[in-house]
Amino acid sequence: MTNDVGHEIADALGILLRRTTRTQLHQRLTEGMGEAVDEVTYPVLSALARTGPRSAADLAPDVGVDRSGVTRRASRLEAAGLVRREADPADRRAHLLVLTDQGQSAVVELRKRLAAHIMASLSSWPPGEAEAFARQLRRFTQEGPFG
């Protein structure tokens, strides 16, 4: 395998990881989900669904904003009934952000939308290629430079 393959993969990852790419995707996915669920709050919902209850400070690196940015987004989600704050059992001075049942339902809908969007974009691929890509992408994320 030549270094050209590495460059090609790096270029593709650059497109996927661009903030504008993610923001545009999050805008499409959150359309009609209510005022609190938008491209700004989507990363908080998504991260909480992946990791479970976390403090704003712990969530900040995953969301890509600082603690105060997470707190502002979480406040919007809390006002909409999607997130609640609970005392951290390990540190009573701190609070954890927790998805409510309504927040879990919103995440389920967002994941359905994302999966449908991905499948629609792969609909022209020959049979078996999407499945092979999914397996290889999973392997890459587990064994590649991110693992």
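In short, a report on the structure. Small disclaimer: the values here were computed from a predicted structure and weren't measured.

Considering the arrangement of structural elements, one finds Ser55 in the loop between α3 (42-51) and α4 (56-63). Given a relative accessible area of 11%, Ser55 falls into the buried group. A polar contact is formed between the side chain of Ser55 and the backbone nitrogen of Asp58, at a distance of 3.0 Å. Setting aside its immediate chain neighbours within four residues, Ser55 contacts His95 and Leu96.

To continue, consider the pairing of strand β2 (residues 91-99). With six bridges connecting them, strand β1 (residues 83-88) and β2 associate as antiparallel partners. Bridge assignment links Asp88 to a residue of β2, and that residue is Asp91. Between β1 and β2, which pair antiparallel one after the other, the connecting turn spans two residues.

This brings us to the nonpolar core. If you look at the biggest cluster of nonpolar residues, it comprises 23 residues, and the most contacted ones within it are Leu45, Leu59 and Leu97. Every element with two or more residues in this core is listed here: α3, α4, α5 (67-79), β2 and α6 (101-121). Non-local contacts of Leu97, meaning those with residues more than four positions away in its chain, are made with Leu48, Pro53, Arg54, Ala56, Leu59, Val70, Ala74, Val83, Arg84 and Arg85.

Criteria and cut-off values
- Residues numbered from 1 in each chain as written.
- Predicted model: local features only at pLDDT ≥ 70, side-chain atom pairs only at ≥ 80, totals over all residues.
- Heavy atoms only, no water.
- Helix = DSSP H or I, 4+ residues; strand = E, 2+ residues; numbered from the N terminus.
- Buried < 20%, exposed > 50% of the residue type's maximum accessible area, 1.4 Å probe, protein only.
- Polar contact = N/O pair within 3.5 Å; in protein donor to acceptor, adjacent residues only side chain to side chain.
- Contact = heavy atoms within 4.5 Å.
- Pairing = 2+ DSSP bridges.
- Core = buried A, V, L, I, M, F, W, Y, C linked by side-chain atoms within 4.5 Å.

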